[in-house]
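Each chain is listed here by its residues.
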Amino acid sequence: MAHILKNDLLEVHIDLPYENYNFSRFDWTGQISKVAYKGQSLTGVESVDEEDLGKEGKGLFNEFGIDQPIGFKETEIGDWFIKIGIGWLRKTNEVYQFDKTYHIQPANFEVEGSEENLFLTCDCPPINGYAFYLKKEIKLLDGSFRIGYSLKNTGKKPLITNEYTHNFMQFDQASVDQDYALKLPFQINQKAFEAGINPEKVLYKNDQGLGFQTTPSSVFFFDHLAGQNPVDAKWALEHADKKIGLSETGCFQTSKVNLWGTDQLISPELFFDINLKAGEQVKWVREYQIYELGVK
């Protein structure tokens, strides 16, 4: 069963390691499968196809190394490489594919929690000189919750990668349409917007961020919305009819902001760069704030 953090305003449902999701992509340490505010769901599911259960994302699922996991390139076919937050994966092809099924040797997981917070650790033994110790705390606050990360390089070789959260946002099961607005603290890069996947030009940019002309007919995607320059790690999604908004704020600057979505989901993604020598450790925080529109 999911571990539930709950107060008078919020419910945060967290799948524990080995529960429900068991695929080789997203971090197993504290997958937030659902967020609800005053009983209203704020998150959705990547796919409702029963064949995809246990493989697809939902809620707020984070991932390390979407482009290429640490050590993948130098690993021989049939040998193992690490995927932070999961453990060892067996290499079966020359080019890494995040949606491909890889055989998993899970790392060692520990969990300790209460009604207000949940601590999870992932301790991965060394393979080919790479190893890590990941610790995560998910803490419930008034009208918000915070995810704290701590990653230590326990191997001999450097850990160079990135981490982001795939935010599968859907307010009260509402389809994506003109009621949604994505607010960004930077001017959208024109070239990135023009090069993005924008079916029928459903999305448009304005001074505050992005809006929707109508419901998209297919998947939309934008890469490096802010260009290559570092910007504050923050976004806010609002729904005019539901009178609700949700923001994510990272304690870091990011040079990569992506946006993915469908007719049902909107996923802004803030990437955090990681470069750790042997023995080094890094900490970062993501905080999610829920608020009602028109309420001060």
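Structure's up top.
Here we summarise the structure given alongside this text. It should be emphasised that the depicted structure is a prediction, and the values quoted were computed from it without experimental measurement.

### Overview of the overall build of the chain
- The secondary structure content of the chain amounts to 1 helix and 23 strands.
- When its C-alpha atoms are laid out on the principal axes, the chain stretches across 50 × 45 × 40 Å.
- Here the chain, with 296 residues, has 55% of them falling under the buried criterion.
- Taking contacts inside the chain between residues at least 6 apart in sequence as the whole, the part at least 24 apart equals 64%.
- If the 30 positive side-chain charges of the chain are averaged to one point and the 43 negative ones to another, these points end up 5 Å apart.

### Observations concerning unusual backbone geometry
- Positive phi is not limited to glycine here, since Lys201 has a value of about 55 degrees.
- Judged by its relative accessible area of 67%, Lys201 falls in the exposed class.
- Here the phi dihedral of His224 falls at roughly 55 degrees; this positive angle occurs in a residue that is not glycine.
- Topologically, His224 is positioned in the loop between strand E17 (220-222) and strand E18 (231-239).

### Some remarks on the nonpolar core
- In this structure, Phe145 and Leu151 are the most contacted members of the largest nonpolar core, which totals 87 residues.
- Filtering out sequence-adjacent residues up to four positions away, Phe145 remains in contact with Leu10, Val12, Ile32, Val35, Leu60, Lys139, Leu140, Arg286, Glu287, Tyr288 and Ile290.

### A word on the sheet that holds strand E15 (residues 203-205)
- Strand order in the open sheet made by the 10 strands is E9-E10-E11-E12-E23-E19-E18-E14-E16-E15, with antiparallel pairing throughout. In the strand order of this sheet, the two ends are held by strand E9 (108-113) and E15, each with one partner. Direction aside, neighbouring strands of the sheet carry axes that sit 15 degrees apart on average.

### Some points on the sheet that holds strand E8 (residues 104-106)
- Judged by pairing direction, the sheet is antiparallel, and its 3 strands sit side by side in the order E6-E7-E8 without closing on themselves. Single-partner strands in this sheet number two, and they are strand E6 (80-83) and E8. On average, each strand axis in the sheet is tilted by 30 degrees relative to the strand beside it, whichever way the strands run.
- Bridge analysis of strand E7 (residues 87-90) against E8 gives 3 bridges, and the strand direction is antiparallel. Across the sheet, Trp88 pairs through a bridge with Gln105, a residue of E8.

### Structural notes on the state of the cysteines
- Inspection of every chain in the model, using the stated rule, returns 0 disulfides.
- Unpaired in terms of disulfides, Cys124 finds its nearest cysteine sulfur in Cys122, a separation of 6.4 Å.
- Residue class for Cys124 comes out buried when judged on its relative accessible area of 1%.

### As for the pattern of salt bridges
- Evaluated as defined, the whole model comprises 12 salt bridges.
- Note that Asp15 is salt-bridged to Lys58, the shortest N-O span being 3.8 Å. In this pair, Asp15 sits in strand E2 (residues 10-15) while Lys58 sits in the loop between strand E4 (40-41) and strand E5 (60-64), placing the two residues 43 residues apart along the sequence.
- Taken together, the shared-partner salt bridges in this structure form one network comprising Arg25, Glu63 and Lys83.

### A few points about the environment of Phe26
- Here Phe26 lies in the loop between E2 and strand E3 (31-37).
- Since its relative accessible area comes to 0%, Phe26 is described here as buried.
- Spatially, the C-alpha atom of Phe26 lies 4.6 Å from that of Glu63, the residues being 37 residues apart in sequence.
- Look past the residues within four positions of Phe26 in its chain and what remains in contact with it is Tyr21, Gln31, Glu46, Gly57, Phe61, Asn62, Glu63, Ile86, Tyr164, His166 and Phe168.

### Observations regarding the packing of aromatic side chains
- Across all of its chains, the model carries 24 aromatic pairs by this definition.
- A ring pair is formed by Tyr21 and Phe61, whose centres lie 5.4 Å apart and whose planes are at 75 degrees; its orientation type is edge-to-face. A residue pair is termed long-range when its members are at least 10 positions apart, and Tyr21 in the loop between E2 and E3 and Phe61 in strand E5 qualify at 40 residues.
- Among the aromatic side chains, those forming a connected cluster through ring pairs are Tyr21, Phe23, Phe26, Phe61, Phe168 and Trp260.
- Positioned over the ring face of Phe72 is Lys91, at 4.5 Å from the centre of the ring.

Cut-offs used in this document
- Residues numbered from 1 in each chain as written.
- Predicted model: local features only at pLDDT ≥ 70, side-chain atom pairs only at ≥ 80, totals over all residues.
- Heavy atoms only, no water.
- Helix = DSSP H or I, 4+ residues; strand = E, 2+ residues; numbered from the N terminus.
- Buried < 20%, exposed > 50% of the residue type's maximum accessible area, 1.4 Å probe, protein only.
- Contact = heavy atoms within 4.5 Å.
- Lys, Arg positive; Asp, Glu negative; His and termini not counted.
- Charge placed at Lys NZ, Arg CZ, Asp CG, Glu CD.
- Core = buried A, V, L, I, M, F, W, Y, C linked by side-chain atoms within 4.5 Å.
- Pairing = 2+ DSSP bridges.
- Axes fitted to C-alpha atoms, helices over the stretch in contact; angles between N-to-C directions.
- Disulfide = S-S within 2.5 Å.
- Salt bridge = Lys/Arg side-chain N within 4 Å of Asp/Glu carboxyl O.
- Phe/Tyr/Trp six-rings, centres within 6.5 Å; stacked < 30°, edge-to-face > 60°.
- Lys NZ or Arg CZ within 6 Å of the ring centre and 35° of its normal.

The analysis is restricted to geometry; functional conclusions fall outside its scope.
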